[in-house]
Amino acid sequence: MISGNQGKENRKKLPSSLLTLTRFVAMQLNGSRFGAFILILLQSLHLVHAENLLQATGLTQCSESAEVTVNNFNAVFTPANNSISIIFDGYSEVAGEVLIEVDLLVYGYKAFTKSFDPCSLDLAVFCPMKAIELQIPTITETLSDSLLSQIPSISYGVPDIDAVIRLRLIYKNGGKQITCLETRIRNGKTVYQAGVSWTLAVITGLGLVTSTVISLLGHSNTATHLAFRSLAFLGFIQTQAMAGMTSVKMPPFVQSWTQNMQWSLGIVQSDALQTIATWFQRATGGTPSNVMTSSNSVSVVLQKRSSEIVRRATDKGSQIILRGIERVGVRESIEPTNIFMTGYLFYYFITAVIVACVGLVLVVRIVLAKKSTSLPKLDRALGVTADWKTILRNTFFRLACIGYPQMCVLCLWELTRRDSAAEIVLAITMWLVTTAVLAFAAFKVFQRAMRSKQQHNTPAYTLYSDPATLSQWGFLYIYYRAPVYYFLVPTLVYTIVKGMVIAFAQPSPVAQSIVLLILELCMMLATAIIKPFMSKGANVVAITAAVLNSLNTIFLLVFSDVFDQPDLMTGILGVLFFILNAIFTLVLLIYLLVGIVYAIFLKKPDTKYKPLGDDRDSFRWSRTGTTTELSSLEKIARGEEDAEAHPHPPRVVTAPPSDEDVSMAARRPYNDVVDPSLPLFPTSYDHLRR
């Protein structure tokens, strides 16, 4: 260490010394179109509005040694005024005569390499280098036009440009490498846009709401297909968001694209949620982090190599290096200690909004029923009020299913964070309750399906003819073929295991990637072999999504540097990851929008979908008055034609029934009724009507 006076004297010399070094590097690189990139690499950037700029924040280690410690490093270059501003705060333990090698890597391709001797600059600080505290306040320097002309214009426009500057210090005698530092250059352009997130969220919600309304109007086939499209779209978005939460070192394209999907897991930026979460944590004995408030004095690095040690925000005198879930939260301006509570509160907010909407629909039904004259007054009153509790209960079940991936990740991750005792209790309670609810629902489905298979030789009989089963538990199995209803269990297990891997394996990116790859491959094989979904088109969508999810985990494994691949390969795969997922997301979006258009604008939307091959429509029960291919025969069997004063159809002599007709009649829910006036499966609603 050096004395305080000597340190102050050296610190006064540092700004001019660094600028002299910068000018020397620019002159040495004169004639290279990437020369100015190296200059900015020595300084890096800070995002400034939407104007053209190049910036870099933080210097991270790219070697095992740590002779240079960085607290804060910021550099911003704005070509509009030809100026560059630099901030540096750190400490150097390097002593002796050194050489500096500078590499520029663009998408992993080494665009330029330059080695120079700092002693040729006549700088006492760098020749020889000394163990010294390095503190450079904010300084601004104007660069010459000849230097600016060496920067290609494309550098300012390509979103999430993958450009890295790597500095290596080497002893002049012997050529031994001392340390390696690198920083990533950004230009302020990114594919992460709040408008994209809002658009995806609104369209997903519109699809789910439309499917519910269409179901109430009696178009059950259309409602089923539209709900599948909405959930397939939401499910694929959630898998991309989970990929973005893994702790591997991701290229900028991958980070920004997956950040667009984080709303699906409850990671949303809201000042109100941040205030409530911080207050709750302090009130329950926790200590909120200050990453966002300390970013002006300490560099916040949002990605890392797997070999680096992650330092907490409370560690004084070092950069804050974030990865995985913390990285995702900070990019949304959420403190790491508020990530769980943000997702938790967001889930309850969405639940409250949906329950309010369902309540509004029920009120509208009551108003419309009072104006109806087709039924007696008592029947109208009972018909619109008797099942409101069932509808609300079913709504909570569906919300638990949709939000389960979010709870599996955030609640289990909170067990490793331990932000406060109360938050741990909330996390455990929420995860156990949602898991128990879905497990109970799966048990009830299996119970009814097995009993139906024993009595009627098909699980579809009870699953679709019993209104209580269909309305309460149908959200779990209605998208699968009736004989493959059991596929709901592998789906739930897949969600639980994936959430656990992402939550608990944050410190081990390689292990995390390997387990995720195995899990996705198993899910892909099961989906491709069993083909569990209700139609050919649904299976094509599901299998394609499963294949792409498996491919994404292969990319993640490569990003974890387990193969020690060239940087160029990592850069190419990062771009490929973005292109493939963006294309399929667009396809699913169009697929969903077409379904919404069919449901809203067609008078008979069910005609756009082929009858499903599992005969579920032959068993389906509907209280809305819509008809199926057997509804007329069922009304005659119950005596409803006479009750409604409709004449019986003329008697026609027909040929004896074929074997196929006999087989179909054996599966009809109202075949062999003892008392045609009583439904086969009475419910509270039916009892009140009787």
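Structural data are supplied above this passage.
Anyway, here's the lowdown on the structure attached to this text. Here the structure is a predicted model, which is why all the values come from computation and not from measurement. (Residues numbered from 1 in each chain as written. Predicted model: local features only at pLDDT ≥ 70, side-chain atom pairs only at ≥ 80, totals over all residues. Heavy atoms only, no water.)

### Some words on the nonpolar core
With 130 residues, the main nonpolar core has Met245, Tyr464, Tyr477 and Leu488 as its most contacted residues. Residue contributions to this core peak at twelve residues, all from helix 5 (residues 220-245). Both domains that meet at this core, namely domain 1 (54-186) and domain 2 (194-265 + 321-601), each give it at least three residues. (Core = buried A, V, L, I, M, F, W, Y, C linked by side-chain atoms within 4.5 Å. Buried < 20%, exposed > 50% of the residue type's maximum accessible area, 1.4 Å probe, protein only. Helix = DSSP H or I, 4+ residues; strand = E, 2+ residues; numbered from the N terminus. Domains from an automatic or database assignment.)

### Quick look at the pairing of strand 3 (residues 68-78)
The element strand 3 is largely enclosed, with a buried count of ten among its eleven residues. As judged from the four bridges shared by strand 1 (residues 54-57) and strand 3, these two strands associate in the antiparallel manner. Bridging from a neighbouring strand, Thr57 pairs with Asn74 of strand 3. Of the strand pairs in this sheet, strand 3 and strand 4 (residues 83-92) are connected by ten bridges, and their pairing is antiparallel. Across the sheet, Val70 pairs through a bridge with Gly90, a residue of strand 4. The hairpin formed by strand 3 and strand 4 contains four residues between the paired strands, and Asn82 there has a positive phi angle of roughly 60°. (Pairing = 2+ DSSP bridges.)

### A few points about the side chain of Asp103
By the element assignment, Asp103 lies in strand 5 (residues 98-106). Of the polar contacts made by the side chain of Asp103, one reaches the side chain of Arg168; its length is 2.5 Å. (Polar contact = N/O pair within 3.5 Å; in protein donor to acceptor, adjacent residues only side chain to side chain.)

### A few points about the state of the cysteines
This structure, assessed with the given rule, holds zero disulfides. Cys411 carries a free sulfur, and the closest cysteine sulfur to it, the one in Cys408, is 8.1 Å from it. (Disulfide = S-S within 2.5 Å.)

### Brief notes about empty space enclosed by the protein
Space left empty within the atom packing is revealed by a probe, the size of a water molecule, rolled over the atoms. Scanning the entire structure with this criterion turns up five cavities of 30 Å³ or more. The calculated volume of the second largest cavity comes to roughly 220 Å³. Lining the second largest cavity are 17 residues, and of these Asp162, Arg184, Lys249, Asp567 and Thr570 sit closest to its centre. For the lining of the second largest cavity, the secondary-structure elements that each account for two or more residues are strand 8 (163-171), strand 9 (177-186) and helix 19 (567-601). Looking at the lining of the second largest cavity element by element, the count peaks at three residues for helix 19. Per-class residue counts for the lining of the second largest cavity are six nonpolar, three polar and eight charged. Here the lining of the second largest cavity gathers at least three residues from each of two domains, domain 1 (54-186) and domain 2 (194-265 + 321-601). (1 Å grid on protein atoms, 1.4 Å probe; cavity = no way out; pocket = protein on both sides within 12 Å on 5 of 7 lines; lining within 4 Å. Points joined across faces, edges and corners; volume = space filled by probe spheres on them. Nonpolar A, V, L, I, M, F, W, Y, C, P; charged D, E, K, R; others polar.)

### Describing the side chain of Asn221
By the secondary structure assignment, Asn221 is in helix 5. In contact with Asn221, other than residues within four places in its own chain, are Asp606, Tyr609, Lys610 and Leu612. (Contact = heavy atoms within 4.5 Å.)

### Let's talk about the environment of Gln259
Tracing the backbone shows Gln259 in helix 6 (residues 252-259). When sequence neighbours within four positions are dropped, the list of residues in contact with Gln259 reads Tyr192, Ser197, Val328, Arg331 and Glu332. A polar contact of 3.0 Å, which involves the side chain of Gln259, links it to the backbone oxygen of Val328.

### Here's the deal with the packing of aromatic side chains
What the rule picks out here adds up to 16 aromatic pairs. Seen in terms of ring centroids, Trp257 and Phe578 are 5.5 Å apart; in terms of plane orientation they differ by 80°. Their pairing is edge-to-face. One end of the pair, Trp257, is in helix 6; the other, Phe578, is in helix 19, and 321 residues separate them in sequence. Both residues of the pair, Trp257 and Phe578, belong to the buried class. (Phe/Tyr/Trp six-rings, centres within 6.5 Å; stacked < 30°, edge-to-face > 60°.)

### Concerning the pattern of salt bridges
This model, assessed by the stated rule, comprises ten salt bridges. Among the salt bridges present, the one from Asp103 reaches Arg168, with a minimum N-O distance of 2.5 Å. Of this pair, Asp103 sits in strand 5 while Arg168 sits in strand 8, placing them 65 residues apart in sequence. For Asp103, a relative accessible area of 1% corresponds to the buried category. Its relative accessible area of 16% is what places Arg168 among the buried residues. With a closest N to O distance of 2.7 Å, Lys498 and Glu520 form a salt bridge. Of this pair, Lys498 sits in helix 16 (residues 488-504) while Glu520 sits in helix 17 (residues 509-530), and the two are 22 residues apart along the sequence. Both residues of the pair, Lys498 and Glu520, belong to the buried class. (Salt bridge = Lys/Arg side-chain N within 4 Å of Asp/Glu carboxyl O.)

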